[in-house]
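As a plain string of letters, each chain reads:
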Amino acid sequence: MQIVDFEPAHAEAFRTLNEAWISKYFALEPKDREVLGDPQGKIIAKGGAVFMALHDGEPVGCVALMKMDDGGYEVAKMTVSETLRGSGLGRLLMQRCIDAGAELGATRLYLETNSTLGPALGLYRAMGFKDLAPTDTPYARADVFMERVY
């Protein structure tokens, strides 16, 4: 497994990997379509980053860091191919986010998720994320809010 910085050639894999998991558990929402359709413009050009997990050169996972107005970064669009879930790849992707946040001078990492995603919640908590009070969000599926302060 290799974690690499996003390249334009990864755009389709970023979109399809995310559409697959979101559609399996939830409905694709307008904000999903906006971000997944233009990761370069909606994430990277605004000061964020996207990381891709490659296995034998093929994209098998991804995660985004979206710059926030408060000096933090939102961890978003994190997924691993279904066949590799439980392999530790999610942990590698999250560690890359934590390291990148430190490199970027982030004050915190923030994320929104859903209470039905037990393995993801376990990973986030194991990696230092703490629960926050609910807040406004463009995602109907988001009912858990967490942060990891630097």
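For the structure, check the block above.
Quick caveat, the model's predicted, so the values are computed rather than measured.

Chemist: Help me understand the pairing of strand β5 (residues 108–113) in this model?
Modeler: Along any regular strand, the residues point their side chains to alternate faces of the sheet. Of all six residues that make up β5, six are buried, and the element is covered over most of its length. Bridge analysis of strand β4 (residues 73–80) against β5 gives two bridges, and the strand direction is parallel. For Tyr 73, the partnering residue across the bridge sits in β5 and is Leu 109. Across six bridges, the pairing between β5 and strand β7 (residues 144–149) is antiparallel. Counted as the bridge partner of Leu 111 is Met 146 from β7.

Chemist: Can you walk me through unusual backbone geometry in this structure?
Modeler: With the exception of glycine, the majority of residues adopt a negative phi angle, and the majority of peptide bonds are in the trans configuration. Notably, Asp 56 is not glycine yet its phi reads approximately 55 degrees, a positive angle. The exposure class of Asp 56 is exposed, given its relative accessible area of 72%.

Chemist: I would appreciate a short explanation of the packing of aromatic side chains in the present structure.
Modeler: Note on aromatic pairs: each is described by the distance of the centres and the angle between the planes. Counted by the stated rule, this structure contains four aromatic pairs. Here Phe 6 and Phe 14 contribute two aromatic rings whose centre-to-centre distance is 6.3 Å and whose plane-to-plane angle is 75 degrees, an arrangement assigned as edge-to-face. For Phe 6, a relative accessible area of 11% corresponds to the buried category. For Phe 14, a relative accessible area of 0% translates into the label buried. Note on Trp 21 and Phe 26: the rings are 6.2 Å apart at their centroids and 90 degrees apart in plane angle, and the pair reads as edge-to-face. The exposure class of Trp 21 is buried, given its relative accessible area of 15%.

Chemist: What is the right way to read the pattern of salt bridges from this model?
Modeler: The final tally for this structure, using the stated rule, is twelve salt bridges. Residues Lys 31 and Glu 34 are paired through a salt bridge, measuring 3.9 Å at the closest nitrogen-oxygen approach. In this pair, Lys 31 and Glu 34 both sit in helix α2 (residues 30–37), three residues apart, roughly one turn of the helix. A relative accessible area of 27% means that Lys 31 is categorised as partly exposed. The class of Glu 34 is partly exposed, set by a relative accessible area of 36%. Taking the shortest distance from any N to any O, the salt bridge between Asp 32 and Arg 141 comes out at 2.7 Å. In this pair, Asp 32 is assigned in helix α2 and Arg 141 in the loop between β6 (130–132) and β7, connecting sequence segments 109 residues apart. The two residues Asp 32 and Arg 141 agree in class, both being buried.

What counts as what
- Residues numbered from 1 in each chain as written.
- Predicted model: local features only at pLDDT ≥ 70, side-chain atom pairs only at ≥ 80, totals over all residues.
- Heavy atoms only, no water.
- Buried < 20%, exposed > 50% of the residue type's maximum accessible area, 1.4 Å probe, protein only.
- Helix = DSSP H or I, 4+ residues; strand = E, 2+ residues; numbered from the N terminus.
- Pairing = 2+ DSSP bridges.
- Phe/Tyr/Trp six-rings, centres within 6.5 Å; stacked < 30°, edge-to-face > 60°.
- Salt bridge = Lys/Arg side-chain N within 4 Å of Asp/Glu carboxyl O.

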